[in-house]
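# Examination of the molecular architecture
Residue-level listing of the chains:
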Amino acid sequence: MEAGRSPNIEILSNADLLELSGKPGNFTAKLQIRPRYIDAEKCTACGLCTQYCPRHLVDQYNEGLAVTRPIHIDYPQAVPASYFIDPKGCLHLQHGTCQICVPVCRSKAIDFSQKPEAKELKIGAVIVAPGFGRISTDTLAKYSYGKHADVLTSLEFERLLCASGPFEGEVKCLTDHRHPKRIAFIQCVGSRDLGCDNGYCSSVCCMYAIKEALVAKEHDPEVEITIYYMDMRTQGKDFDLARLKAEAKGIKFVRARVADVMPWNKQLKLTYSLLDGTHHFEGFDMVVLSVGLDAPADAKNLANIAGFELNHYDFCQTETFAPLLTTKPGVFVAGAFQGPKDIPESVTQSSAAAGIASALIKKDRNKGYVVKSYPKERELTKDEEVRIGVFVCHCGINIGSVVDVPLVEQYTEGMEGVVYHAQSLYSCSQDAQEVIKQKIKEHNLNRVVVAACSPRTHEPLFQETLKDAGLNRCLFEMVNIRDQCSWVHATEPAAATAKSKDLVRMGIAKARHIKPLPEQTVPVISKALVLGGGIAGMTAALNLAEQGFHTTIVEKGETLGGHLQHLSYTLRGDNVAQQLKEVSDQVKKHKLIEVMTNTEVAEVSGFVGNFSSRLVTRKGKSAKESTLDHGVIIIATGGREHRPEKVLGNEIKYSNKIVTQAELEKRLAGKAKDRAPESTVMIQCAGSRGDDLAYCSKVCCNHAVKNALKIKELDSAAQVVVLYRDMRTYGYAEDAYREAREKGVVFIPYSMENKPKIAGSGKSLKVTFYDPILREEVTMTPELLTLSVGIVPEGTEELSKLLKVPVNQDKFYLEAHVKLRPVELPVSGVYVCGLAHSPKPVDEIVVQAQAAAAKAAMPLVKGHVSVEPTVSSVDKELCIGCGLCESLCPYQAIRVTKDESGKRKAETITASCKGCGICASHCPVFAISMGGFTDEQITAQIKAFGETGNKE
Amino acid sequence: MGQAKETKSGAVMVVGGGVAGVQAALDLTELGYYVYLVEKSAAIGGAMAQLDKTFPTNDCSL
Ligand SMILES: Cc1cc2nc3c(=O)[nH]c(=O)nc-3n(C[C@H](O)[C@H](O)[C@H](O)COP(=O)(O)OP(=O)(O)OC[C@H]3O[C@@H](n4cnc5c(N)ncnc54)[C@H](O)[C@@H]3O)c2cc1C
Ligand code: SF4
Ligand code: SF4
């Protein structure tokens, strides 16, 4: 993980926060660091100690499904990559005996004299992200969990599926190791259940159950899987597609409540009841409990220490319009502790919280920041002789126990260009870096080849060493003889050694041709452009301005506020108009924000750091043009209500009898005496989820519950019937859904095979639907029919073309990486938030806008964008200007322009290039080469494979 | 108990080293701040490190 390498992140693991004092901008934190009993600096993570340790310990990392030893590491890629001793199981720490491990460790890292250490930190802001806790085993007991080994939690099942898990990824029953033929998933275990005090919906379990079921099917296509659920809450962007895929793969979904699970011969008997009240049972080999996310076990303690409040479920207390502020100023929250959520949303909150913290302490920006300095880079002279140094790594026993490392090292002797070669026990260790630096000087090396593990994790480290030694970092070549030799050929040492020789020979052949590449940086205009002045755009602009960056909001309408101007109250009772006014007042008052209403962008040119936009402002019939130079763009152009003409096959004529939820809300917020209709039928997914729009609009279930509750508040005798497919009141909205049912709102599911029918209008309006409880068709003549229509994005087609950014099949912008880069677009310097990204409720929009602002601030903070040297470059002589590359580049990083003589030639926009190589591989005249992967270098490498070298 | 005092201005403390805490830490460094990432267990990663593949992209989790 990247965090382990940053010079600006100090990881304090095994640490407890004991005290927090001071005020925003100036806190003092007291910590206690518990001993690991292993010196993390010395530990090389070889694993020898675990092999010698005589004690067994239940492996928590594998959810108790495996055993480990008190001295261990959870997983090989753990950060810090150091073993530790769990004092609970250690013979020495418990009884003063043993100490077998101490002499075993070759790096002398084991140190039983370590004591707890106190540490005091001065900090400006705090972000709490303690995640979620486990549902108590008492709650699981009714499903025979703990009594029968084949009843698992979803987390345990996740470990079974995992290649690093107890059976190396094979799904086996824990009782007798047979492969299960039939698996059941039970949803909402420990969620939506007041019995265990968790009234909320955990939001992620429907989706992960589908994921786990699909992966299990992949492992064994024969396995039969049934998911028992109340509502399938796959409301996230594109999540419904996964459900359809699961159905297509034969995974069964049954809407039912599971009463219990009992052992039944070799199997488990699962008893459930359907909506119509009938009871059934079925046998399974394995039952997976889709456990919810509980509040973290020490939430209360942390809240006490840090001084903020918790909500009634012991998660962090926050507000709709300030979702990441705890009740303690200067302490912010992110992740599952803010409320159950998945990884994309957690990551979004983290960026947002970072941005808020950044705004709070901006005067101290860069004060504690560590900027590394390097000696001046030595320039290679034109025909300087190639002098390669080769380092072959044992990686403890990881490589050395399989590959004959000394033989591989000796093999390089006398190869063309090789002037130095050596072995090292751990070439990634700190002292090995010193050795490399020293050898570079001593032997005047100008190329370095390291044969060790994966460049993915270690290349940056060695490149850093080269820079420290005054060499260009591109004069480095890494050969992976661990993953590709000692790991995959663990049982054939001779073959592994031979292959290592081949790979090293090829690496050296390539190294002979590698060249220094310039470190490039492009200056950035320290200004932002925000498109759209709704809640998303305003929030983003405010955060950027508070971080100190000039921001222009371009709004095509007459006023700020966007879609929220049509809403009156939220599910949690916030006064929308008042909140909106507060935000827009702040925006208007802020010195660093310029608001341009009645304005649209007509043209955008440039690239990250250097955009230039042509803006058109209309006033009556006149139009005025202006240009704006800026470094980044945030798209917050929002969405609007979708008004389908046909709903579930029924023609719709909107009137005062047939309205949308937004219209009903307006009526309910009004002053009219009879504003609460006596009887209402609401139809969910009107136009969404495959009716007209393919996707779930995410907010309409909450909207319906909100309005239903409002009606009941105004007139408790009013009749409200909600026809739905799945009620997606995820998270805390589940409380409102429950309250609505308690207050007499009737919720009746419909299926796509049996859709509600709408007939007549005015007084003769009729709605007919199938009631699965009564098991018959019912016809109602309600005073009002309310359609829960969906949300469509606003004007994405034109704008996406203008900005050359992609949209998905539903016309929402397509982010760079759904999980890890949720607010960035593939084009550098362009970010997205709000309804333009996907439908979502206000609190999520606010977070996303803050996250987009944080991400957009990054290049502005730096003042430049640095470019990886491995970018494409065009040989203008060869280029025929065909433009194929421009049309293929996914990042808009190569374009065809006219040169001085008017000829069409391609050029790379280095600031945008990601080095993917698509252009180079498609250029018909081979005019494009990739830095670090030129044709010459790759050809040399391939040729070297065919040669057997100089020794055999 | 040993004592250590850190006096650095422009620093933020992140409590919890799961995917949320780690991302917050990384983003803070990109914004020009020094970060103390405080994790109560022996390694960072949180729940995500235990997951096999994660939706929506189903690539491996780390
Ligand atoms: C079975 C299962 C499957 C899932 N599958 C997916 C999936 O496929 N895709 C997806 O997007 N999401 C999935 N999720 C949800 C995902 O796990 C969460 O969204 C994510 O882990 C939340 O990250 P976090 O950093 O907020 O919390 P966590 O991952 O819980 O991390 C919190 C960290 O904080 C530490 N900590 C706690 N208290 C303190 C304290 N007082 N001081 C210091 N440190 C502390 C903990 O040790 C931990 O390391 C799944 C969840 C489950 C249960
Ligand atoms: S001293 Fe503890 S950790 Fe070391 S080998 Fe013995 S039991 Fe294991
Ligand atoms: S009504 Fe809206 S939120 Fe509810 S399931 Fe249908 S589309 Fe999704």
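Every residue gets a number counted from 1 within its own chain, in the order that chain's sequence is written. Chain letters start at A and ligand numbers start at 1, both assigned in the order the entries are written. With the structure being a predicted model, the display of local features is reserved for residues of pLDDT at least 70 and the display and counting of side-chain atom pairs for 80 or more, all residues being used for whole-chain, interface and lining totals. Only hydrogens and water are set aside when side-chain values are computed; all heavy atoms of the structure are taken into account.

## Some words on the overall build of chain B
Strands here mean DSSP runs of E at least two residues long; helices mean DSSP runs of H or I at least four residues long; both are numbered from the N terminus. A count of helical and extended segments in chain B gives 1 helix and 5 strands. The helix and strand sequence of chain B, counted from the amino end, reads β-β-α-β-β-β. Burial classification: accessible surface area is computed with a 1.4 Å probe over protein chains only, and a residue below 20% of its type maximum counts as buried, one above 50% as exposed, and the rest as partly exposed. Here chain B, with 62 residues, has 69% of them falling under the buried criterion. Long-range contacts, defined here as pairs at least 24 residues apart, represent 30% of the contacts in chain B between residues at least 6 apart. When the accessible surface of chain B is summed, it comes to about 1900 Å², and 51% of that surface belongs to carbon and sulfur atoms. Should any heavy atoms of two residues lie within 4.5 Å, those residues are considered in contact. Computed by Shrake-Rupley with a 1.4 Å probe, the accessible areas treat only the displayed protein chains as cover when residues are assessed.

## Focus: the overall build of chain A
Along chain A, the regular secondary structure elements total 24 helices and 48 strands. Our radius of gyration looks at C-alpha atoms and nothing else; its globule reference is 2.2 Å times the residue count to the power 0.38. Taking 2.2 N^0.38 as the reference for a compact globule, 952 residues should give roughly 30 Å; the C-alpha atoms of chain A span a radius of gyration of 31 Å, in line with that estimate. Along the longest, intermediate and shortest principal axes, the C-alpha atoms of chain A span 95 × 80 × 60 Å. Buried residues in chain A amount to 57% of all 952 residues. Look at the contacts in chain A between residues 6 or more apart in sequence, and 68% of them connect residues 24 or more apart. Total accessible area computed for chain A in this model is approximately 40800 Å², and 52% of it derives from carbon and sulfur atoms. Positive and negative side-chain charges in chain A, numbering 115 and 114 respectively, have mean positions lying 3 Å apart. Charge assignment: positive for Lys and Arg, negative for Asp and Glu; neither His nor the chain ends contribute. Taken as the charge location is NZ of Lys, CZ of Arg, CG of Asp or CD of Glu.

## A word on the pattern of salt bridges
For side chains of opposite charge, pairing can occur when their charged atoms come near one another. All names here are of chain A. The salt bridge definition used is simple: a Lys or Arg side-chain nitrogen within 4 Å of an Asp or Glu carboxyl oxygen. Counting across every chain of the model gives 58 salt bridges over all chains. A salt bridge links Arg255 to Asp726; the nearest nitrogen and oxygen atoms lie 3.8 Å apart. One end of the pair, Arg255, is in strand 13 (residues 252-255); the other, Asp726, is in the loop between strand 36 (719-724) and helix 19 (733-742), with 471 residues separating them in the sequence. With relative accessibility at 18%, the residue Arg255 sits in the buried group.

## Focus: the sheet that holds strand 18 (residues 331-333) of chain A
Read from one edge of the open sheet, 5 strands run 1(A)-3(B)-2(B)-9(A)-18(A), paired in parallel fashion. Edge positions in the sheet fall to strand 1 (9-12) and strand 18 of chain A, since each has one partner strand and no second. Taking the axes of each pair of neighbouring strands and ignoring which way they run, one obtains an average angle of 20 degrees across the sheet. In this sheet, strand 18 of chain A lies alongside strand 9 (residues 125-128) of chain A in parallel orientation, the contact comprising 3 bridges. Each bridged residue has a counterpart across the sheet, and for Val128 of chain A the counterpart in strand 18 of chain A is Val333 of chain A. The criterion for strand pairing is that DSSP finds at least two bridges linking the strands in question. Note on definitions: angles span 0 to 180 degrees between N-to-C directions of axes, and those axes are lines fitted to C-alpha atoms, for helices only across the stretch in contact.

## Considerations on the site of ligand 1
Among the 34 residues in the neighbourhood of ligand 1, the closest are listed as Lys211, Lys341 and Ile343 of chain A together with Glu39 and Ala47 of chain B. Each of chains A and B places residues near ligand 1. Here Asp342 of chain A contributes a backbone N or O atom positioned 3.5 Å from an oxygen atom of ligand 1. We call two N or O atoms a polar contact when they sit within 3.5 Å, provided that within protein one can donate a hydrogen and the other can accept it, with sequence-adjacent residues counted only if both atoms are side-chain atoms. At 2.7 Å from an oxygen atom of ligand 1 is found a main-chain nitrogen or oxygen belonging to Ile343 of chain A. The protein chains hide 95% of the 1000 Å² of surface that ligand 1 would expose on its own. Only helix 5 (154-161), helix 6 (205-219) and helix 9 (343-360) of chain A together with helix 1 (19-30) and strand 4 (53-54) of chain B provide two or more residues apiece to the shell around ligand 1. In terms of residue class, the shell around ligand 1 is built from 16 nonpolar, 9 polar and 9 charged. Residues are labelled near a given molecule or strand when at least one of their non-hydrogen atoms is within 4 Å of it. Classes in brief: Ala, Val, Leu, Ile, Met, Phe, Trp, Tyr, Cys and Pro nonpolar; Asp, Glu, Lys and Arg charged; the others, Gly included, polar.

## A word on the site of ligand 2
The immediate surroundings of ligand 2 are formed by Cys53, Pro54, Ile71, Ile85, Cys90, Leu91, His92, Cys98, Gln99, Cys101 and Phe112 of chain A. For the shell around ligand 2, the residue count by class is 9 nonpolar, 2 polar and no charged.

## Remarks on the nonpolar core
Buried together is how nonpolar side chains tend to be arranged in soluble globular proteins. Joining through side-chain atoms within 4.5 Å is the link that ties buried Ala, Val, Leu, Ile, Met, Phe, Trp, Tyr and Cys residues into a set, and such a set is a nonpolar core. Formed by 91 residues in total, the largest nonpolar core has its most connected members in Ile127, Leu544 and Ile634 of chain A together with Leu28 of chain B. Here the element with the most residues in this core is helix 21 (residues 842-862) of chain A; it accounts for 14 residues. If sequence neighbours within four positions are ignored, Ile634 of chain A has contacts with Leu529, Val530, Leu531, Ala540, Leu544, Tyr831, Cys833, Ala852, Ala853 and Ala856 of chain A.

## Observations concerning the side chain of His630 of chain A
All names here are of chain A. Mapped onto the secondary structure, His630 falls in strand 29 (residues 622-630). The class of His630 is buried, set by a relative accessible area of 0%. Of note is the side chain of His630, whose polar atom sits 2.7 Å from the side chain of Ser613. A polar contact is formed between the side chain of His630 and the backbone oxygen of Val632, at a distance of 3.0 Å. With near-sequence residues (within four places) excluded, His630 lies in contact with Ile525, Lys527, Ala528, Leu529, Gly609, Asn610, Phe611, Ser612 and Ser613.

## Overview of the domain arrangement of chain A
All names here are of chain A. Here chain A is described as being made up of domain 1 (2-124), domain 2 (137-291), domain 3 (388-511), domain 4 (527-640 + 793-866), domain 5 (643-789) and domain 6 (871-930). Placing the centre of domain 4 and that of domain 6 at their C-alpha centroids yields a distance of 31 Å. At the junction of the two partners, domain 4 supplies 7 residues and domain 6 supplies 7 residues. Both sides of the domain 4 and domain 6 interface together cover about 650 Å² of buried area, and 58% of this is carbon and sulfur. The interface formed by domain 4 and domain 6 contains 0 salt bridges. In this structure, the connection of domain 4 to domain 6 is made through 2 residue pairs in polar contact (both at pLDDT 80 or more). Taken together, the residues of the side of domain 4 that touches domain 6 sort by class into 5 nonpolar, 1 polar and 1 charged. How far each domain reaches was decided by an automatic or database domain assignment. What counts as buried area is the accessible surface, traced by a 1.4 Å probe, that two parts surrender upon association, with contributions from both included.

## A short note on the interface of chain B and chain A
Across the contact, 57 residues belong to chain B and 94 residues belong to chain A. Here chain B and chain A share an interface that buries about 6400 Å² over both sides, 63% of which is from carbon and sulfur atoms. The interface formed by chain B and chain A contains 3 salt bridges. With a closest N to O distance of 2.8 Å, Lys862 of chain A and Glu30 of chain B form a salt bridge. Along the contact surface separating chain B from chain A lie 25 residue pairs in polar contact (both at pLDDT 80 or more).

## Considering the pairing of strand 14 (residues 257-264) of chain A
All names here are of chain A. Pairing analysis gives 7 bridges linking strand 14 to strand 15 (residues 267-273), with the strands arranged antiparallel. The partner of Arg257 across the bridge, within strand 15, is Ser273. Where strand 14 folds back on strand 15, the antiparallel hairpin that results is connected by 2 residues, among which Asn265 adopts a positive phi of roughly 50 degrees.

## Details of the packing of helix 15 (residues 535-546) of chain A against helix 21 of chain A
Two quantities define a packed helix pair, namely the angle between the axes and the distance from one axis to the other. Residues and elements named next belong to chain A. Between helix 15 and helix 21, the least distance of the axes is 8 Å, while the angle of their chain directions is 40 degrees. Here helix 15 is positioned oblique relative to helix 21, judged by the angle of their axes. Along this stretch, helix 15 crosses helix 21, giving a crossing that reads as right-handed. Counted together, Ile535, Ala536, Thr539, Ala540, Asn543 and Leu544 of helix 15 and Ile845, Val846, Ala849, Gln850, Ala853, Ala854, Ala856, Ala857 and Leu860 of helix 21 form the full contact between these two elements. Across the contact of helix 15 with helix 21, the residue classes tally to 12 nonpolar, 3 polar and no charged. Note on angle classes: values under 35 degrees are labelled roughly parallel, values over 145 roughly antiparallel, values of 65 to 115 roughly perpendicular, and the remainder oblique. Whether a crossing is left-handed or right-handed is set by the direction in which the near helix is turned from the far one by less than a right angle, anticlockwise for left-handed and clockwise for right-handed.

## As for helix 24 (residues 935-946) of chain A
Residues and elements named next belong to chain A. With 12 residues, helix 24 ought to run about 16 Å at 1.5 Å a step, and its terminal C-alpha atoms sit 17 Å apart, in line with that. Those residues of helix 24 that fall on the buried side of the exposure criterion are Gln937, Ala940 and Ala944. Each buried residue of helix 24 sits inside an arc of 60 degrees when the element is viewed along its axis, so together they form one side. The exposed residues of helix 24 that point more than 90 degrees off its buried face are Ile942, Lys943, Phe945 and Gly946. Contact partners of the buried residues in helix 24: helix 14 (493-511). For a helix, the expected span equals 1.5 Å multiplied by the residue count minus one. Comment: arc refers to directions from the helix axis out to C-beta atoms.

## Some words on helix 1 of chain B
Given a rise of 1.5 Å per residue, 12 residues ought to cover 16 Å, and the 17 Å separating the end C-alpha atoms of helix 1 of chain B matches this to within 8%. Of all 12 residues making up helix 1 of chain B, 11 are buried, and the element is well covered by its neighbours. By the burial criterion, the buried members of helix 1 of chain B are Val19, Ala20, Gly21, Val22, Gln23, Ala24, Ala25, Leu26, Asp27, Leu28 and Thr29 of chain B. Taken together, the buried residues of helix 1 of chain B touch strand 1, strand 9, helix 9 and helix 21 of chain A together with strand 2 (11-15) and strand 3 (34-38) of chain B. Residue Gly32 of chain B follows helix 1 of chain B closely and has a positive phi angle near 95 degrees.

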